[in-house]
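# Commentary on secondary and tertiary structure
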Amino acid sequence: MDGSSYYLPAVAMAVVLAVKSPSLRRSWRDPLLRSVCWLLALTGLVFFFAAPPTIAEVNDLVGVTNVSAPLVYCLLSAFSAACLVLIVNWRGGPPELTRRTSRRWITGYGVVIVALVVLFALGDTPVERLRDFDTYYADEPFVREMIVLYLGALAVAGVAMNVMCGRWALQVHGRLRAGLLIIVAGYVCNIAYLTAKFTAVVTRWNGGNLDHLSTDVAPVLASAGAQISAVGFCLPLACQRAGDTWSTWCTYRRLGPLWRELAPVSPYAGRTARMSWWSPAELQVTQRESDIHDGLLSLHPYFDTGLRARVHAEALATGSDPAQARAEADAAMVAAAVRARTADPEGTRTEPTEPTEAPRDLVRMSQALHHSPVVEATRNETHR
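Not measured: the values here are computed from a predicted model. (Residues numbered from 1 in each chain as written. Predicted model: local features only at pLDDT ≥ 70, side-chain atom pairs only at ≥ 80, totals over all residues. Heavy atoms only, no water.)

Before going further, it helps to spend a moment on the overall build of the protein. A count of helices and strands for the protein gives 15 helices and zero strands. Residues classed as buried in the protein amount to 43% of the 384 residues present. Looking at the protein alone, contacts between residues at least 24 apart form 73% of all its contacts between residues at least 6 apart. Taken as a whole, the protein presents about 19,400 Å² of accessible surface, with 63% of it coming from carbon and sulfur. (Helix = DSSP H or I, 4+ residues; strand = E, 2+ residues; numbered from the N terminus. Buried < 20%, exposed > 50% of the residue type's maximum accessible area, 1.4 Å probe, protein only. Contact = heavy atoms within 4.5 Å. Areas by Shrake-Rupley, 256 points an atom, 1.4 Å probe, with all protein chains shown as cover.)

Okay, the confidence of the model for the protein next. Put simply, the protein has an average pLDDT of 84, and 90% of its residues get 70 or more. Model confidence for the protein, summarised as mean pLDDT per element, is weakest for helix α15 (residues 373-383) at 74 and strongest for helix α5 (residues 95-122) at 94. (pLDDT = per-residue confidence, 0-100.)

A few words on the packing of helix α4 (residues 68-91) against helix α7 (residues 143-169). Relative to each other, α4 and α7 sit at 20°, their axes nearing to 10 Å. Viewed along their axes, α4 and α7 adopt a mutual orientation that is roughly parallel. Pair α4 / α7 crosses with left-handed handedness. On the side of α4, the interface is formed by P70, Y73, L76, S80, C83, L84, I87, W90 and R91, while α7 contributes M146, I147, Y150, L154, A157, A160, M161, M164, C165 and W168. Residues that form the contact of α4 with α7 fall into these classes: 17 nonpolar, one polar and one charged. (Axes fitted to C-alpha atoms, helices over the stretch in contact; angles between N-to-C directions. Parallel < 35°, antiparallel > 145°, perpendicular 65-115°, else oblique. Left-handed = near helix turned anticlockwise from the far one by under 90°. Nonpolar A, V, L, I, M, F, W, Y, C, P; charged D, E, K, R; others polar.)

What follows concerns the environment of L39. Here L39 lies in helix α2 (residues 31-50). Placed 46 residues apart in sequence, L39 and V85 show a C-alpha to C-alpha distance of 9.3 Å. Beyond its immediate sequence surroundings of up to four residues, L39 is in contact with F79, A82, C83, L86 and F233.

Time to look at α4. With 24 residues, α4 should reach 34 Å at 1.5 Å per residue; the first-to-last C-alpha distance of 35 Å fits that figure. Where burial is concerned, most of α4 is hidden: 21 out of the 24 residues are buried. (Expected span 1.5 Å × (residues − 1).)

At N66, a position not held by glycine, the phi torsion is positive, near 65°. Relative to the assigned elements, N66 resides in the loop between α3 (52-62) and α4. The backbone of F142 shows a phi angle near 70°, a positive value even though the residue is not glycine. Tracing the backbone shows F142 in the loop between α6 (133-136) and α7. A relative accessible area of 39% places F142 in the partly exposed class.

Residue placement: R288 occurs in helix α11 (residues 281-299). There is no salt bridge for the buried R288, and the closest opposite charge comes from D291, which lies 6.3 Å off by N-O distance. (Lys, Arg positive; Asp, Glu negative; His and termini not counted. Salt bridge = Lys/Arg side-chain N within 4 Å of Asp/Glu carboxyl O.)

Let's shift gears to the packing of aromatic side chains. Going through the model one piece at a time under the given rule, you end up with nine aromatic pairs. The interplanar angle of 85° and the centroid separation of 5.4 Å between the aromatic rings of W249 and Y252 together place this pair among those described as edge-to-face. Note that W249 and Y252 are positioned in helix α9 (residues 211-254) at a spacing of three residues, about one turn of the helix. For W249, a relative accessible area of 31% gives the class partly exposed. According to the relative accessible area criterion, Y252 is partly exposed, its value standing at 21%. Here a set of aromatic residues connected by ring pairs shows up, and it is made of Y73, F133, Y136, Y137 and Y150. One residue, R288, lies across the ring of Y252, its end atom 3.9 Å from the ring centre. Looking at R288, its charged tip hangs above the ring of W259, at a distance of 4.5 Å from the centre. (Phe/Tyr/Trp six-rings, centres within 6.5 Å; stacked < 30°, edge-to-face > 60°. Lys NZ or Arg CZ within 6 Å of the ring centre and 35° of its normal.)

The final tally for this structure, using the stated rule, is eleven salt bridges. R99 is the salt-bridge partner of E96, the closest N and O atoms lying 3.0 Å from each other. With E96 and R99 both in helix α5 and three residues apart, this pair spans about one turn of that helix. By relative accessible area, which is 39% here, E96 ends up partly exposed. Here the residues in one salt-bridge network are E96, R99 and R103, joined through shared partners.

Moving on: the state of the cysteines. For the structure on display, the rule yields zero disulfides. Just so you know, C165 is unpaired, no disulfide at all, and the nearest cysteine sulfur is the one on C83, 9.0 Å from it. (Disulfide = S-S within 2.5 Å.)

What follows deals with the nonpolar core. Ranked by size, the top nonpolar core spans 62 residues in total, and within it W90, Y150, M161, L180, I183 and F233 carry the most contacts. Listing elements by their share of this core, those giving two or more residues are α1 (3-26), α2, α4, α5, α7, α8 (174-205) and α9. In terms of residue count, the dominant contributor to this core is α4 (14 residues). What M161 contacts, discounting residues up to four positions off in sequence, is C83, L84, I87, G166, I183, Y187 and F233. Core analysis: the next-biggest nonpolar cluster, separate from the first, contains 22 residues, L262, V265, I292 and L369 among them. (Core = buried A, V, L, I, M, F, W, Y, C linked by side-chain atoms within 4.5 Å.)

What follows covers α2. Counted at 1.5 Å a residue, the expected span for α2 with its 20 residues is 28 Å, and the 28 Å between its end C-alpha atoms agrees. The complete set of buried residues in α2 reads L33, S35, V36, C37, L39, L40, L42, T43, G44, V46, F47 and A50.

Set out below in structure tokens:
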């Protein structure tokens, strides 16, 4: 693998992280979102610092031969911890248990990172190796232990991830199961990567030479595993986000008939500053609901509870369920109140003629204004 094979995934991770950064700023206390961002950042850093050109540059800047090796190993260990913490927070459960399990993984891999640095400092690596550090120094005291430690830490993470994701996948369905199975596939590639690395190192211990497994085969497997796993992590979360956004926009659209019905008599009708079309869907819905509530408040003195009771009975008689019948009755009452308010431009009524409960299900009521034949028939009657 040349430098571009490392830098392209690093850039891709940076782009995804930049896209998610606004959400991170708004919801920093969300442990799941933090875990996703840490995972993306560490994935990009691993690819960037594992590239041979970066290895050479870091060695030169620091002035310590092969200092990039423990740096990359520490980043790989932190990446493993980030994956495990993300799965723990993603699966959820009792908050205290989730926090405790996350802290244990973080502490465990923190100890590994410290041990990697100490072992490198105790070892001797005078010859710079950009691609075959593991096999070249496989027999060097302390460095040998450092190599085995980082590979062992990655193996523990790989097995734990496959076990947790595999068990969870048996309990869920849909896009979450698909994402978990993709993660398992990615970690199968990681296990293959570790197998290639261990095989090359053990062969060196026994006097043989299978260095190509470490220098040529293992990096390809590592790159494939990391990118496949990233897709598995992002797919369910991205689909959930897209589904939530679509649902929110559907709510905004379904509130349209009621919003437009109230426009002639509502305080927002003459508003000059409106929310930008590119504003988040949640804010758009909040604004529309606020406009509707303001409009209903201005119509309160004109609500006719007798009309609502009659339409409610008619809707039940035509086969509507109780919730739908209530929505149709509310819609008919609102439509009649709009016409009554329009006919009273001075707004002489200040109190309702009798106690009136405000409509509650805005979406159902909005759809009833648009689709209900009972509401349309009542509207035609009041026009005459």
